[in-house]
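Descriptive structure summary
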Amino acid sequence: MITRRLASLALVLLLAAVIPAFGAPAQRRDGPMPPAMPQGLPAGWLEAAWEAYKKHFVRSGRVVDDVNRISHSEGQGYAMLIAVKAGDRTGFDEIWRWTKQELFIDPSGLAAWQWKEQASPHVTDKNNATDGDILIAWALIEAGEKWKSAEYVDAARSILSALGRTVIAPNEAGPVLLPGRLGFSVEDHSDGQVLNLSYWVFPAFERLRGLAPEIDWAGVQASGLRLLRESRFGPMRLPSDWIAVGSAPPAPAKSFPPRFSYNAIRIPLYLAWAKIEQPDLLRPFAGLWNEKLNLGPFEIELPSGSALDTLGGVGFKAVVATAKCALARQKLHASLRIIEPGAYYPTTLHILSLIALQERYPECL
Amino acid sequence: MSVKRMILFLGCVAPVALLATGSSSAETLRRPSLLQGQASGAAQETPFNLRAALPADPTTTQGIPRSPLLSGTGSLTNAQPQPRAPANINVAPAKVDESALRFYASQNDAARVSMEIRRLKALHPTWEPPSNLFEEARDPTIEQGLWDLFAAGRFDEIRTAVAEIRAQDPTWRPSDDFITKFERAELRVQLVAASDAKDAAGVLTLAEFDPGMLACSDIDVMWRVAEALIQTGDQARAQELYRYILSNCADPAARLATVQKASELLPPEIVKTLIAMGRRQPGGMSEFEAVQLDLLRRQIGSSISDPTSQPVPVAELRKFEALVTQKKFANDAVLLGWLRYSQKDWPGAAQWFKQAMSWERVPKAAEGYALALRQQGQLQEAEELAYEWRDADPLIAKLYVEIVAMALTEPNPGTVEAGRLSRTAGVVETVKSAMGAQALGWYYYNTSAYQEAQSWFSKAVAWEANETNALGLALAAHQVKDQALFRKTIAQYGERFPAVAALEAYNQKVAAKTARRGTRRGGGQGGGRAGQMAREAVAQFKDGKYREALATLEQRAAIAREDHGLSVLRGWSLYHLSQYDKARTLFAELDKKRSTRDTQYGLYYSSSKLDPTHLGD
């Protein structure tokens with residue numbers, strides 16, 4: 001079983017140091033107003049954030065998930081995407097080279113999802129994580145276009161073609177993305193296909209369509225939105241990280257805790273980044289962080305709707321703020337304009353949220 | 001082509017394809033389908049079951065394309081909304097205060113909601129949070145926009161808006177409430193259009209699509225369906241539908257209007273069964289009292305215009321008369337007057353008209369009373385009354401002129417007092433009555449006051465140029481030896497009116513005799529002996545020698561065909577000899593052959609002499 005996004009005690013301890021940082025901007029907000037609200041983000045913010053990011057998390061092309069103490073295809077994909085957005089071809093190349101060499105080692109043509117420094121060999125499970133492959137392919141397409149590189153585009157093409165062969169599966173809702181090529185089908189689970197709605201990287205689909213038109217990306221998007229709409233569990237009407245889709249409407253997958261957690265938190269970021277603005281889709285996420293009280297977002301026990309631990313990291317608040325913007329054009333909270341040093345995952349989501357806002361909703365900045 | 005594009009394409013094509021294969025009268029109708037059954041608001045009321053009431057006829061229900069709001073998505077079209085767990089209001093112990101929870105949810109403050117749930121769960125481990133916390137927050141912005149369009153009746157734009165959203169996200173759908181109301185409203189628009197176009201079959205077909213539509217929430221639609229049922233000959237179902245409304249719908253105004261509409265479309269005996277369903281009001285009267293009275297009034301009206309129609313039941317009539325007397329309904333008293341009048345019950349009619357006049361100043365009552373008086377031979381009273389009311393209604397002024405005109409043109413009118421003449425002249429002038437002017441003309445002519453006669457005939461011709469008026473004018477001009485006017489009148493009217501032309505021929509003959517010159521042959525009167533006899537008859541008529549004129553015409557008829565003008569002369573001769581029935585028969589024949597103002601007048605006067613009843617019509 002793949003268990004991702006472990007919320008360890010270590011993370012919570014680590015964040016204890018980060019959260020007080022909120023005190024300062026909150027006080028500033030209550031003080032005299034600055035002469036003019038700043039518009040947009042300061043020039044060079046992304047390049048600066050990317051440099052800091054590389055320093056913290058990238059080791060010779062390998063992106064380190066410092067909390068889980070591993071590297072994975074998703075991290076490689078995120079970093080490649082940020083690199084190309086930041087215009088850092090050298091950095092991009094280094095990460096891509098490492099990824100190709102260390103993760104694309106299976107005849108399936110897809111990246112092994114996990115890489116452990118301590119293990120030997122480093123890859124012990126050759127299964128893929130579909131979102132990682134999608135992110136890598138998307139970043140390659142962006143890079144190929146930006147730096148006029150056929151090599152990147154060919155690589156992207158090859159990944160997409162492998163995805164089409166292995167993880168795009170039929171479902172009553174339409175074509176769906178299996179989370180990995182092994183272990184998620186109806187044969188593997190009594191409650192049906194096990195899916196992860198945060199693997200639907202909606203903002204990538206438009207780009208992927210251009211390179212792999214043989215795949216029904218519009219159908220994939222529609223099935224994702226439909227499943228998302230049908231996956232409103234418990235009083236908080238939120239999706240669980242993992243859902244099972246059998247003959248009945250989707251339900252929290254039995255092999256995972258019925259929780260809204262570190263996976264599903266990315267869903268509103270992808271919706272907003274793709275400019276999918278249906279209020280009924282965005283609304284359940286937009287209230288997850290109360291910015292006045294700086295409360296949340298929480299992991300949530302879905303059957304009861306009860307709050308569990310706070311999702312550890314400023315970046316998760318940035319994701320919720322992005323949803324608030326997409327839903328109601330609410331301005332980004334001033335504290336989120338600055339990327340504080342944090343753990344790999346929330347820092348990544350923070351940067352991606354700001355990119356999404358800059359690309360799609362500059363009026364919220 | 002992507003699947004989505006294919007679906008959208010099919011979504012557009014499907015209705016057209018169905019239209020192309022559609023059948024019969026329903027082809028041009030678009031039929032929205034109902035996704036979710038009837039409106040929730042009408043849950044306590046079972047709608048009228050039109051389908052069960054009608055004989056099954058597959059040809060009328062097939063072929064109308066269904067056009068659901070959410071088209072082109074196959075099974076998604078009929079996808080049920082995600083089932084919601086029932087609210088746990090019975091499970092939650094009363095002591096758990098959920099007000100904060102609900103407040104946070106109303107703010108969409110999910111962070112505080114989940115924290116509050118955690119707090120309440122810790123305090124009350126068996127408590128289950130309500131599952132409907134966020135229900136009210138569903139899609140308010142988009143859906144509100146749709147409701148705004150809905151309120152403005154911009155249905156096409158709703159379809160466009162929904163299609164646009166669904167093009168991006170095929171799983172999105174408006175609320176079921178919206179879909180139901182929208183599709184019903186759109187169906188309603190089509191039904192009303194079909195109803196306005198008198199397409200009864202279309203109305204019924206559309207009504208069958210949405211069984212929930214025939215409910216008290218839309219009585220207008222039920223009225224239209226009932227009307228369509230009647231138009232298609234299904235009176236029984238229409239009656240059932242009206243009965244349904246009266247049994248189920250509470251709104252007093254709508255109930256009253258229902259019976260009123262039914263009374264206009266259904267025979268009285270059926271309407272009476274509907275009226276019987278009226279609720280008793282505090283005073284003991286039926287809520288449909290007014291309709292019942294209207295129905296009775298209509299029945300009385302039918303009786304008046306067609307005395308052979310089914311008579312109003314005597315008991316109902318007596319009740320009505322009692323009510324009219326008690327409430328002093330002047331207009332109803334007038335109605336009862338006309339009923340008696342139509343039955344030739346002149347005294348009865350006079351009594352009701354007089355009664356009505358005593359209650360209210362109703363011109364129709366005065367008119368009826370004057371007519372009834374005249375029928376009873378009380379001509380002087382009739383004339384006085386009509387004169388008194390002459391300004392109330394042009395018809396009364398006309399009646400007054402008729403009464404006086406008849407008196408003035410009696411064969412021997414005797415001397416008419418000056419005051420009566422002058423007030424007659426006044427009314428005739430006021431209403432510019434050609435008939436009245438002509439009557440005055442003849443009166444003066446017959447009393448040898450030719451100057452006055454000429455003056456009135458001039459007015460008569462000015463107001464209405466007909467043969468008699470022109471003839472009168474020419475004769476009067478001749479008598480006052482105004483040759484210029486005489487010739488002018490002949491020249492102006494001779495071609496149109498043969499009697500006038502005949503006068504000219506007669507005049508020329510006289511002139512010829514005097515001058516010993518040859519005569520010009522009159523065109524219409526025939527030459528030789530026949531022509532001479534025609535001119536003689538005209539001369540005799542002009543001199544008031546009607547019997548002689550008739551004799552001459554008889555002799556002439558033996559040797560020549562009598563033309564229209566001479567026949568009119570014969571008619572008037574008969575008339576002046578008081579042989580009204582013969583005059584009327586002749587005028588009727590002439591009028592049938594060739595209707596002129598003269599034949600019409602002849603017919604009118606001779607008829608009125610024989611049966612003055614209808615003079616006021």
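What you are looking at is a predicted structure, and each value in this text was computed from that prediction instead of being measured.

Each value, and the rule that gives it
Residues numbered from 1 in each chain as written. Chains lettered and ligands numbered in written order. Predicted model: local features only at pLDDT ≥ 70, side-chain atom pairs only at ≥ 80, totals over all residues. Heavy atoms only, no water. Pairing = 2+ DSSP bridges. Helix = DSSP H or I, 4+ residues; strand = E, 2+ residues; numbered from the N terminus. Contact = heavy atoms within 4.5 Å. Axes fitted to C-alpha atoms, helices over the stretch in contact; angles between N-to-C directions. Expected span 1.5 Å × (residues − 1). Buried < 20%, exposed > 50% of the residue type's maximum accessible area, 1.4 Å probe, protein only. Phe/Tyr/Trp six-rings, centres within 6.5 Å; stacked < 30°, edge-to-face > 60°. Lys NZ or Arg CZ within 6 Å of the ring centre and 35° of its normal. Buried area = accessible area lost by both parts, 1.4 Å probe. Salt bridge = Lys/Arg side-chain N within 4 Å of Asp/Glu carboxyl O. Disulfide = S-S within 2.5 Å. 1 Å grid on protein atoms, 1.4 Å probe; cavity = no way out; pocket = protein on both sides within 12 Å on 5 of 7 lines; lining within 4 Å. Points joined across faces, edges and corners; volume = space filled by probe spheres on them. Nonpolar A, V, L, I, M, F, W, Y, C, P; charged D, E, K, R; others polar. Core = buried A, V, L, I, M, F, W, Y, C linked by side-chain atoms within 4.5 Å. pLDDT = per-residue confidence, 0-100. Polar contact = N/O pair within 3.5 Å; in protein donor to acceptor, adjacent residues only side chain to side chain.

Our next topic: the sheet that holds strand 11 (residues 298-301) of chain A. Paired through backbone hydrogen bonds, the strands of a sheet run either parallel or antiparallel to each other. The three strands lie next to each other as 10-11-12 (chain A), forming an open sheet whose pairing is antiparallel. Each edge of the open sheet carries a strand with a single partner, namely strand 10 (259-260) and strand 12 (306-310) of chain A. In this structure, strand 11 of chain A lies alongside strand 12 of chain A, joined through three bridges in antiparallel fashion. Bridge assignment links I300(A) to a residue of strand 12 of chain A, and that residue is A307(A). Relative to the sheet, helix 5 (residues 110-123) of chain B contacts strand 11 and strand 12 of chain A, its axis offset from that of strand 12 of chain A by approximately 110°.

Residues and elements named next belong to chain B. Over its 14 residues, helix 23 (residues 450-463) extends 20 Å from the first C-alpha to the last, a length consistent with the 20 Å expected when each residue adds 1.5 Å. Within the sequence span of helix 23, burial applies to A453, Q454, W456, F457, A460 and V461. Contact partners of the buried residues in helix 23: helix 21 (418-431), helix 22 (434-446), helix 24 (467-479) and helix 25 (483-493).

To continue, consider the packing of aromatic side chains. A full pass over the atoms with the stated rule returns 38 aromatic pairs over all chains. Between W242(A) and F256(A), the aromatic rings sit 4.4 Å apart at their centres with planes inclined by 10°, giving stacked as the arrangement. You can see W242(A) sitting in the loop between helix 9 (217-230) and strand 8 (243-245) and its partner F256(A) sitting in the loop between strand 9 (251-252) and strand 10, a full 14 residues away along the chain. No difference in accessibility class separates W242(A) from F256(A), as the two residues are buried. Each member of the aromatic cluster is reached from another via a ring pair, and the members are W50(A), Y53(A), F57(A), Y262(A), F316(A), Y344(A) and Y345(A). In this arrangement the basic side chain of R361(B) is found over the ring face of W389(B), its NZ or CZ atom lying 4.1 Å from the centre.

Interfaces are frequently sized by the accessible area removed from exposure as the parts join. Counting residues at the interface gives 34 residues for chain A, matched by 31 residues for chain B. With both sides pooled, the region where chain A packs onto chain B buries about 2600 Å², and carbon together with sulfur makes up 58% of that total. Broken down residue by residue, the surface that chain A buries against chain B is led by P235(A), Q278(A) and R283(A), which jointly contribute 19%. Inspection of the region where chain A meets chain B yields zero salt bridges.

Moving on, we get to the pairing of strand 11 of chain A. Here two bridges tie strand 10 of chain A to strand 11 of chain A, and the two strands are oriented antiparallel to one another. The residue bridging F260(A) from the neighbouring strand is I300(A), located in strand 11 of chain A.

Defined simply, a disulfide is a covalent bond joining two cysteines at their sulfur atoms. Residues and elements named next belong to chain A. On inspection of all chains with the given rule, the structure shows two disulfides over all chains. Bridging C325 to C364, the disulfide has an S-S length of 2.1 Å. Taking the sign of the torsion about the S-S bond as the criterion, the disulfide between C325 and C364, at about 85°, is right-handed. Taken together, the residues C325 in helix 12 (residues 314-328) and C364 in the segment after helix 13 (344-360) connect sequence positions 39 residues apart. For the pair shown, C325 and C364 are each scored as buried.

Once that is clear, we can look at unusual backbone geometry. In this chain, S120(A) is followed by P121(A) through a cis amide linkage whose omega measures -5°. In this structure, P121(A) sits in the loop between strand 4 (114-115) and helix 6 (130-146). Unlike most non-glycine residues, S578(B) shows phi in positive territory, near 65°. Its relative accessible area of 37% is what places S578(B) among the partly exposed residues.

For the rest of this paragraph, the subject is empty space enclosed by the protein. To locate leftover empty space, one rolls a probe as large as a water molecule over the atoms. Residues and elements named next belong to chain B. Here the structure, examined in full by the defined rule, presents eight cavities of 30 Å³ or more. Looking at the largest cavity, its volume works out to about 160 Å³. In terms of lining residues, the largest cavity is bounded by 17 residues, among which Q438, W442, T468, W572 and H576 are the most central. Looking at the lining of the largest cavity, the elements that each hand over two or more residues are helix 22, helix 24, helix 29 (564-576) and helix 31 (597-610). Examining the composition of the lining of the largest cavity, we find that five residues originate from one element, helix 29, more than from any other. Here the lining of the largest cavity is composed, by residue class, of 11 nonpolar, four polar and two charged.

It is worth spelling out the sheet that holds strand 7 (residues 193-195) of chain A at this point. All names here are of chain A. If you trace the three strands from one edge of the open sheet to the other, you get 7-8-9, paired in antiparallel fashion. Each of the sheet's edge strands pairs with one partner strand only, and the pair in question is strand 7 and strand 9. As paired strands, strand 7 and strand 8 are joined by three bridges and run antiparallel to one another. Looking at strand 8, one finds that Q193 is bridged to V245.

Turning to the pattern of salt bridges, a few remarks are in order. All names here are of chain B. What the rule picks out here adds up to 47 salt bridges over all chains. A salt bridge links R297 to D332, with the shortest nitrogen-to-oxygen separation between them at 2.6 Å. Taken as a pair, R297 in helix 14 (residues 289-305) and D332 in helix 16 (residues 330-342) lie far apart in primary sequence, 35 residues in all. Here D332 falls in the buried class, since its relative accessible area comes to 5%. Several salt bridges share partner residues, and in doing so they unite R188, D196, D218, D220 and R224 into one network.

The subject of this paragraph is the nonpolar core. Judged by nonpolar contacts, the single largest core of 141 residues is most densely connected at Y53(A), F92(A), L140(A) and W200(A). Leave out the neighbours within four places in its chain, and Y53(A) touches V58(A), V63(A), A79(A), I82(A), Y344(A), T347(A), T348(A) and I351(A).

Moving on: the environment of A49(A). Residue and element names in this part refer to chain A. Among the structural elements, A49 can be located in helix 3 (residues 45-57). When the C-alpha atoms of A49 and T348 are compared, they prove to be 10.0 Å apart, with 299 residues separating the residues in sequence. Beyond its immediate stretch of four places on either side in the chain, A49 contacts I339 and I351.

Confidence along chain A averages 89 in pLDDT terms, with 90% of residues attaining 70 or more. Segment residues 1-36 of chain A is flagged for pLDDT under 50; beyond a separation of four residues in sequence, or across chains, it makes 47 contacts in the model.

Let us look at the side chain of S263(B). Residue and element names in this part refer to chain B. Its place among the elements puts S263 in helix 12 (residues 252-265). Side-chain polar atoms of S263 contact the side chain of R298, separated by 2.7 Å. Look past the residues within four positions of S263 in its chain and what remains in contact with it is V271, V291, L295 and R298.

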